[in-house]
Amino acid sequence: LVADFSKEKRIFIPYNSIPKKVINAFLSAEDKNFFSHPGVDAKGVLRAVINNISNFITSKRLEGASTITQQVAKNFLLTNEVSLNRKIKEAILAFRIERVLSKERILELYLNQIYLGSGAYGVAAASLRYFDKSIQNLDYAEAALLAALPKAPSKYNPYRDIALAKFRRDLVLKNLFENKYINQKLYNDLKNKKIELNKSKKVFLEDAQYYIEDVRKKVIKNFSYDKVYNQGFNINTPINLEFQKIATDSLRNGLISFDKRKGWRGPLTNKKDYKNWTNDIKKYKLEKSIKWEIAIVREINQFSTTVETEEKEVGVIEYKDISWTKKEFNEIFKIGDLIYVKKISDNKFSLKQIPKINGGIVVMDPFTGRVLALSGGFSFKNSEFNRATQALRQPGSAFKPFVYALALENNFTPTSLVLDA
């Protein structure tokens, strides 16, 4: 997976593939009487009414007493409006849903539709988001954490507040114990277990941004923004990540090499406020794959310059690393100048600048026309204009096909050598 265009992260999973641990955890957290009530839980409503009298007096958040069926009715058919009118509609729809659908189908809809924070909808997507696991491999503690989230996905999000998430997870574990899904020993063991998060990994290659953006624009043009971002398409491209890295590096190295021959053009800016110089430097940041850092000039000597990087690492630029500028340190730097540097060894940096020249590169399989790699410039963050697909050709390039076609007709091959002296 190199890119993801979606408003919501979803993976549909049928009821038969959802483990009992996950089902039991959600029933214990949200609706323990789900398999016995007709859509609305009378006991739950009565309990909520009694609690809400106290909550109203103490200005606490009111309880909803919604069953899983009511939540399905609300999520699919109603708005989030907090009112008695919506509650009545919700209850009527819940009774109707129960008449038409089986309990298993209702639970399947609920577990695939429910929002669980961090952009994840449904238990399968959330399992990957928080644990990088298939839901088949979750233990009761992990299932309980997912079941803890529907009540307030942002508030109990473990990436945001792990202590609060653990508190809520432990409440779900307690419910699992009280509902006899787990025994006393397992409950004690799980309660003492730390929350271990593991975000799902995807190969998000910064160097492929020009390629990705070109694909994104093309599919939106063909299918519309709404379909691409909401309908769960799978997009297959012939991108080869190894070729993509080589192509991007080759383009960058060529541009840097050419640009160095034209000399030094000056710093990014000069900061008078040395203490807070890292404020407002986000606009200068480049892709991590370029491996350049932003640094401030601290001290200028005859044969070296002392710089401090944004990570507070202090080092020097030696004279040999600015020889390409054909100037002395005091001619190219002032104290407080912001510059790009690249670390070459402990406490040693080389001076860098973004090339003024730019270019593009396309790697194509000539037999199939498949584009294996593509880059439209030195840095996508610095300039999103794609010189490989958006730039107009020079006249010289426009008539090359006619010259080459004539050569191929006259027994030249793509490997023929031509003396161009």
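Residues numbered from 1 in each chain as written. Predicted model: local features only at pLDDT ≥ 70, side-chain atom pairs only at ≥ 80, totals over all residues. Heavy atoms only, no water.

S.K.: Could you clarify how one ought to interpret the environment of Q302 in this entry?
M.R.: On the secondary structure map, Q302 appears in the loop between β4 (293–300) and β5 (304–309). In this structure Q302 comes out as exposed when scored by relative accessible area, which is 56%. Along the primary structure Q302 and I235 are separated by 67 residues, whereas in three dimensions their C-alpha atoms are 56 Å apart. Look past the residues within four positions of Q302 in its chain and what remains in contact with it is Y319 and F329. (Helix = DSSP H or I, 4+ residues; strand = E, 2+ residues; numbered from the N terminus. Buried < 20%, exposed > 50% of the residue type's maximum accessible area, 1.4 Å probe, protein only. Contact = heavy atoms within 4.5 Å.)

S.K.: Sorry, what's going on with the packing of aromatic side chains here?
M.R.: For any two aromatic rings, the description comes down to two numbers: the centre-to-centre distance and the angle of the planes. Tallied over the entire structure, the rule returns 16 aromatic pairs. Taking 5.6 Å as the distance between ring centres and 50° as the angle between the ring planes, the aromatic pair formed by W292 and Y340 counts as tilted. In this pair, W292 sits in the loop between β3 (269–270) and β4 while Y340 sits in strand β7 (residues 337–345), placing the two residues 48 residues apart along the sequence. Summarising the burial analysis for this pair, W292 and Y340 share the class buried. Members of the aromatic cluster, joined through ring pairs, are W264, Y319, W324, F329 and F333. Sitting above the plane of the F34 ring, K103 keeps its charged end 4.6 Å from the centroid. When the ring centre of Y156 is taken as origin, the NZ or CZ atom of R168, which lies over that ring, is 5.7 Å away. (Phe/Tyr/Trp six-rings, centres within 6.5 Å; stacked < 30°, edge-to-face > 60°. Lys NZ or Arg CZ within 6 Å of the ring centre and 35° of its normal.)

S.K.: Got a minute to help me understand helix α8 (residues 162–178) in this structure?
M.R.: Helical geometry: 3.6 residues make up each α-helical turn, so side chains three or four residues apart lie on a common side. The terminal C-alpha atoms of α8 lie 24 Å apart, and with 17 residues this matches the ideal 24 Å at 1.5 Å per residue to within 8%. Elements that come into contact with the buried residues of α8 comprise α1 (20–30), α7 (140–148) and α9 (184–191). Its side-chain oxygen placed 3.3 Å from the backbone nitrogen of A163, D161 serves as the N-cap of α8. After α8 finishes, the residue K180 shows a positive phi value of roughly 65°. (Expected span 1.5 Å × (residues − 1). Polar contact = N/O pair within 3.5 Å; in protein donor to acceptor, adjacent residues only side chain to side chain.)

S.K.: Whenever I open this one, the packing of α7 against α8 confuses me. Can you help?
M.R.: Helix-helix packing: each pair is described by the crossing angle between the helix axes and the interaxial distance. Running from amino to carboxyl end, α7 crosses α8 at an angle of 110°, the nearest separation of the two axes being 8 Å. When the axis of α7 is compared with that of α8, the two are roughly perpendicular. Considering only the axes of α7 and α8, their crossing is right-handed. Facing α7, whose interface residues are Y140, A141, A144, L145, A147 and A148, α8 presents A165, R168, R169, V172, L173 and L176. Taken together, the residues of the contact of α7 with α8 break down into 10 nonpolar, no polar and two charged. (Axes fitted to C-alpha atoms, helices over the stretch in contact; angles between N-to-C directions. Parallel < 35°, antiparallel > 145°, perpendicular 65-115°, else oblique. Left-handed = near helix turned anticlockwise from the far one by under 90°. Nonpolar A, V, L, I, M, F, W, Y, C, P; charged D, E, K, R; others polar.)

S.K.: Sorry, what's going on with the nonpolar core here?
M.R.: Most often, soluble globular proteins have nonpolar side chains that are buried together. The biggest cluster of nonpolar side chains holds 50 residues, and the ones touching the most others in it are F26, L107, Y110, L111, V123, L146 and L176. Only α1, α3 (68–77), α4 (84–100), α5 (103–113), α6 (123–131), α7, α8 and α9 provide two or more residues apiece to this core. Once you skip the residues sitting within four places of it in the chain, L111 turns out to touch I18, I23, F26, G122 and V123. (Core = buried A, V, L, I, M, F, W, Y, C linked by side-chain atoms within 4.5 Å.)

S.K.: Sorry if this is basic, but what is going on with the pairing of strand β9 (residues 361–364) here?
M.R.: Both faces of the sheet carry side chains from a regular strand, because those side chains alternate between them. Across four bridges, the pairing between β9 and strand β10 (residues 371–375) is antiparallel. Residue V362 lies in a different strand from β10, and its bridge partner there is L374. The loop that links β9 with its antiparallel partner β10 comprises six residues; one of these, G369, has a positive phi angle of about 80°. (Pairing = 2+ DSSP bridges.)

S.K.: How should I be thinking about the layout of surface pockets in this particular structure?
M.R.: It is the rolling of a water-molecule-sized probe over the atoms that shows where space remains empty. Roughly 1100 Å³ of internal volume is contained in the second largest pocket. As for the second largest pocket, its lining consists of 31 residues, and the residues nearest its centre are L1, A3, D4, F5 and S6. When the residues that make up the lining of the second largest pocket are grouped by side-chain class, the tally is 15 nonpolar, eight polar and eight charged. (1 Å grid on protein atoms, 1.4 Å probe; cavity = no way out; pocket = protein on both sides within 12 Å on 5 of 7 lines; lining within 4 Å. Points joined across faces, edges and corners; volume = space filled by probe spheres on them.)

S.K.: Is there a simple way to think about the pairing of strand β6 (residues 314–318) in this case?
M.R.: The side-chain alternation of β6 yields one buried face, formed by G315 and I317, and one unburied face, formed by V314, V316 and E318. Where β5 lies against β6, five bridges are found, and the strand directions are antiparallel. Paired with S304 across the two strands is E318, which belongs to β6. Here β5 folds back onto β6 in antiparallel fashion, the turn holding four residues, of which K312 has a positive phi close to 65°. Sheet analysis places β6 next to strand β8 (residues 348–352), joined by two bridges and oriented parallel. Each residue of the ladder has a partner; that of I317, found in β8, is F349.

S.K.: Where do I start with unusual backbone geometry in this structure?
M.R.: Residues other than glycine predominantly adopt negative phi, and peptide bonds predominantly adopt the trans conformation. Even without glycine at this site, S224 takes up a positive phi of about 90°. Mapped onto the elements of the fold, S224 is located in the loop between α10 (209–223) and α11 (225–230). Residue S224 is classed as partly exposed on the basis of its relative accessible area, which comes to 31%.

S.K.: Explain the pattern of salt bridges to me, please; I cannot follow it from the model alone.
M.R.: Any two side chains of opposite charge can pair, so long as their charged atoms come close to each other. In this structure the tally under the stated criterion is 18 salt bridges. Of the charged contacts, one joins R105 and E108 as a salt bridge, the two residues approaching to 2.3 Å between their closest N and O atoms. Here the residue R105 and the residue E108 both occupy positions in helix α5, the gap between them amounting to three residues, near one helical turn. When salt bridges with common partners are traced through the structure, they connect K166, R169 and D170 into a single cluster. (Salt bridge = Lys/Arg side-chain N within 4 Å of Asp/Glu carboxyl O.)

S.K.: Where do I start with the side chain of D321 in this structure?
M.R.: Inspection of the secondary structure assignment puts D321 in the loop between β6 and α13 (329–332). The buried charged residue D321 lacks any salt bridge, with K320 as its nearest oppositely charged partner at 5.6 Å. In this structure D321 touches I344, F349, S350 and L351, once residues within four positions along its chain are discounted. (Lys, Arg positive; Asp, Glu negative; His and termini not counted.)

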